[in-house]
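As a plain string of letters, each chain reads:
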Amino acid sequence: MSESFSVKKYLRDLKLPFCPGCGAFTVMNAFLRAVHELGYENLEKFVFCSGIGCSSWIPSPYFLADSIHTLHGRSIPVATGVKLMRPDLNVVVFGGDGDIVGIGLSHFIHAARRNLDVLVIMINNMVYGMTGGQVAPTTPFKVKTTTTPYGSFEYPLDAVKLAVVAGANYAARWTTAHPTELKEAIKKALKLKGFRFIEAVSQCPTAFGRRVGFKTAAEMIKWFKENSITLEESGGLSEEDLTTKIVVGDFVHRDRPTLIETIYAVIKEAQESE
Amino acid sequence: MKLIKPGVYFWQGSEACAEAALLAGCRFFAGYPITPATEIAEHLAKRLPQVGGIAIQMEDEIASIGAVIGASWTGAKAMTATSGPGFSLMQESIGYAFMTETPCVIVDVQRVGPSTGQATKCAQGDVMQSRWGTHGDYSAIVLSPNSVQEMFNLTIRAFNLAEKYRTPVILLSDEVVAHMREKVVVPPVEKLEILNRRKPKPGERAFFGREEVPPMPSVGEGFNVAVTGSTHDEFGIRYTADPGVHRRLVERLNGKVQNHVDEIAEVEAYNIENCKIGIVAYGCTSRAVYDAVEEAEVRGISVGYVRLKTLWPFPEKVVRRLAETVGKIIVPEMNLRQIFYEVARTAEGRAEVIPLNKVGGGELITPEELLDKILEEVGRNV
């Protein structure tokens, strides 16, 4: 199946905007490969919502599909309106860490709480890449960025764990060093209902990698590979040991009733009771 | 489908707004509770599911307008309702809706500001926010009802204008009109003019240009529509480097409103060709005009007025005509001069423009106060 795969049939004939070595290429490829392997010949059954930032350009306007490129942080509310009125469509949100858990954090938590039927793919490069490398909610402690020249004095946010406690039906984390696992997680998520969240830890060689001492994107991917441990392996480690590790795998996989199920049940009830 | 039956009702303004929205075809509401707009959300929360629609309380006003925009792109007629502080939060997204040509209706039930101000009291302080709230160059369509019946009528008109011009439309109400109860006549549905957005034909692709109001596809119809708030070409493709592309886009978007002022800008005009003194009023404040004018006429003073049912685009022509007739125009407002300056700009010195302002406590300008002002101005000069 993968022999016949070509990203081109899912893309508009436009030059992609990403810097050389950007992790967005890997995530785009993993997503389109997942779609292909699930048997979708085109993206007609999908609607993509994204916000502001490099990773929001993955679907918009490059996917040959309906895409709504919204304001910074507001992709999830817009996706809410789309999904509620068109439950038959697959609504997928792409965004960066700043977009999804910075400015858009409240929408993220509430969508997970509501168990809104969307798949959110967050490309986490630990920095604000498009604006040139400022500190993000996901920047590791003590790491220098353009707005934390003495090192970040804040603790980073674990978006996957947050999705779990907020109520997501599915939450997973992989890195660009795990393209196959990432693709498989996307495939799994696309077959599920409710709020699904995948974090893809990704390299930004331009605004982050260089600054923290990685000479190339490949070096950074190698670092991801060497410092990732599975959720199972992480069980015996202390919190301190884990600060330098990337825990990967499925964090939750459950089947709570979704917002579409609960809200349409209300409509049915209201129409019958009249 | 259980829409309201034709007949005579005794409604609060908020109820009239909600029922009119349903008749206009609204099937999606997202909002966040805020005094004095909450009754619209509560009414629609009950009524929308009954007609197969969706009402949802979002986590804030920003999420509410976002969901409305998303719903609109599925082809649904969608609205939200809020008050001043919530309206401020929505402003960035209103600009997005303007730029992406997303039809939707935003009801702002004005209360006293700035800030939390007086949450339960009436004011008219959002006139300029409704015109210039978002950043960049844009043209707002803003309607201003002065009765419960008009809340009903203008809600339907707001949806029609949104659909016709593919743009957000603001219904700028106020606490008094939204909360008071009055008689409302609901005509049979077939007597109502209900407009729907123009849909593209198969193969069409220029959803953001070529025509003044381009056809609007919905998502999931196979048109592969790319929607973006960034400067884009007629196919929706981001194009932020070229000043010409931006100019063409933004001039067209503004032109959609500015080239159709005569059709959009509705007023109620009375005696403007023969009067001695004029009044320009709108919203709840304009309710004082009728009695004041009658009383003045009893005293032999001929008063003319222009009541603005559309605040923006500003009905310049009729206000200018009034200015040519009279020596003075009184502008009563529950703010510290907002439409006043627009009237003065439009009058261009042809008439003296006199403010009559009242803020705080939600107290209306009474017919007596307006009459006193008329007598004062006539006695002194005219």
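Residues numbered from 1 in each chain as written. Chains lettered and ligands numbered in written order. Predicted model: local features only at pLDDT ≥ 70, side-chain atom pairs only at ≥ 80, totals over all residues. Heavy atoms only, no water.

Colleague: Is there a simple way to think about a negative patch on the surface in this case?
Modeller: Residues and elements named next belong to chain B. Together, D291, E294, E297, E368 and D372 give the surface a local cluster of negative charge. Secondary-structure elements contributing two or more residues to the negative patch are α10 (287–298) and α13 (367–380). Of the residues forming the negative patch, the biggest block, three residues, is contributed by α10. Tracing the backbone shows D372 in helix α13. With relative accessibility at 49%, the residue D372 sits in the partly exposed group. (Patch = residues over 30% accessible without salt bridge, like charges linked within 9 Å, V, L, I, M, F, W, Y side chains within 5 Å. Areas by Shrake-Rupley, 256 points an atom, 1.4 Å probe, with all protein chains shown as cover. Salt bridge = Lys/Arg side-chain N within 4 Å of Asp/Glu carboxyl O. Lys, Arg positive; Asp, Glu negative; His and termini not counted. Charge placed at Lys NZ, Arg CZ, Asp CG, Glu CD. Helix = DSSP H or I, 4+ residues; strand = E, 2+ residues; numbered from the N terminus. Buried < 20%, exposed > 50% of the residue type's maximum accessible area, 1.4 Å probe, protein only.)

Colleague: What am I meant to see in the environment of Y10 of chain A here?
Modeller: All names here are of chain A. Within the secondary structure, Y10 sits in the segment before α1 (23–37). A C-alpha to C-alpha distance of 13 Å links Y10 and G39, two positions 29 residues apart in sequence. With sequence-adjacent residues up to four places away left out, Y10 is seen in contact with F5, L32, V35, H36, Y40, E41, N42, L43, Y62, F63 and L64. Of note is the side chain of Y10, whose polar atom sits 2.5 Å from the backbone oxygen of Y40. (Contact = heavy atoms within 4.5 Å. Polar contact = N/O pair within 3.5 Å; in protein donor to acceptor, adjacent residues only side chain to side chain.)

Colleague: Looking at this model, I keep getting lost on the layout of surface pockets. Mind explaining?
Modeller: Over the atoms rolls a probe the size of a water molecule, and its path tells where empty space is left. Residue and element names in this part refer to chain A. When its volume is computed, the largest pocket comes out at roughly 1,100 Å³. If you trace the largest pocket, you find 31 residues lining it, with P156, L242, T243, T244 and K245 closest to the centre. At the level of elements, α5 (159–166), β6 (196–201), α8 (217–227), α9 (231–234), α10 (239–242) and β8 (246–253) are the ones that each hand at least two residues to the lining of the largest pocket. For the lining of the largest pocket, a count of residues per class yields 20 nonpolar, five polar and six charged. (1 Å grid on protein atoms, 1.4 Å probe; cavity = no way out; pocket = protein on both sides within 12 Å on 5 of 7 lines; lining within 4 Å. Points joined across faces, edges and corners; volume = space filled by probe spheres on them. Nonpolar A, V, L, I, M, F, W, Y, C, P; charged D, E, K, R; others polar.)

Colleague: Hey, could you run me through the packing of aromatic side chains in this one?
Modeller: Aromatic rings considered in pairs are described by the distance between their centres and by the relative angle of their planes. Overall, the coordinates contain 24 aromatic pairs over all chains when judged by the stated rule. Note on F48 of chain A and F63 of chain A: the rings are 4.9 Å apart at their centroids and 80° apart in plane angle, and the pair reads as edge-to-face. Here F48 of chain A, found in strand β1 (residues 46–50), pairs with F63 of chain A, found in the loop between β1 and β2 (66–69); they are 15 residues apart in sequence, far enough to count as distant. Overall, the relative accessible area of 0% leaves F48 of chain A in the buried class. Among the aromatic residues, ring-to-ring pairing joins F31, Y40, F46, F48, F63 and F94 of chain A into one connected group. Sitting over the ring of F235 of chain B, R205 of chain B keeps its end group 4.6 Å from the ring centre. (Phe/Tyr/Trp six-rings, centres within 6.5 Å; stacked < 30°, edge-to-face > 60°. Lys NZ or Arg CZ within 6 Å of the ring centre and 35° of its normal.)

Colleague: Sorry, what's going on with helix α12 (residues 339–347) of chain B here?
Modeller: Residue pairs three or four apart in sequence face the same way in an α-helix, which turns once every 3.6 residues. All names here are of chain B. Listed in full, the buried residues belonging to α12 are I339, F340, E342, V343, T346 and A347. The buried residues of α12 occupy one face: seen down the axis, they fall within an arc of 165°. At the C-terminal side of α12, E348 shows a positive phi close to 50°. (Arc of directions from axis to C-beta.)

Colleague: Help me out: how do you make sense of the interface of chain B and chain A in this one?
Modeller: For an interface, size is often stated in terms of accessible area lost upon the parts coming together. If you look at the interface, chain B gives 41 residues, while chain A gives 38 residues. In total, about 3,200 Å² of surface goes out of reach between chain B and chain A, with carbon and sulfur atoms giving 62% of it. Of all residues in chain B, the largest losses of buried area upon contact with chain A belong to E59, N224 and R238 of chain B, amounting jointly to 20% of the total for that side. Where E59 of chain B meets R114 of chain A, a salt bridge forms, and the shortest distance between an N and an O atom there is 2.8 Å. For the side of chain B that touches chain A, the elements supplying multiple residues, two or more each, are β2 (26–31), α2 (38–50), β3 (54–57), α3 (61–72), α4 (84–99) and β10 (226–228) of chain B. The element contributing the most residues to the side of chain B that touches chain A is α3 of chain B, with six residues. Among the residues forming the side of chain B that touches chain A, the class breakdown is 20 nonpolar, 14 polar and seven charged. The sheet contact formed by β2 of chain A and β10 of chain B spans three bridges and is parallel. In the sheet register, I68 of chain A faces β10 of chain B, and the bridge partner there is V227 of chain B. (Buried area = accessible area lost by both parts, 1.4 Å probe. Pairing = 2+ DSSP bridges.)

Colleague: I would appreciate a short explanation of the side chain of K358 of chain B in the present structure.
Modeller: Residue and element names in this part refer to chain B. Turning to its location among the elements, K358 is positioned in the loop between β16 (352–357) and α13. Here E369 takes part through its side chain, which lies 2.9 Å from a polar atom of the side chain of K358. If we skip the residues at most four places from it in the chain, K358 touches E333, M334, N335, E363, L364, I365 and E369.

Colleague: Honestly, the pattern of salt bridges in this entry has me stumped. Any pointers?
Modeller: Think of it this way: side chains of opposite charge can pair up when their charged atoms draw near. Residue and element names in this part refer to chain B. Taken as a whole and judged by the stated rule, the model has 40 salt bridges over all chains. When the shortest N-O distance is used, the salt bridge between E101 and R252 registers 2.8 Å. Of this pair, E101 sits in the loop between α4 and β5 (104–112) while R252 sits in helix α8 (residues 243–258), placing them 151 residues apart in sequence. Relative accessible area serves as the criterion here: at 0%, E101 is assigned to the buried category.

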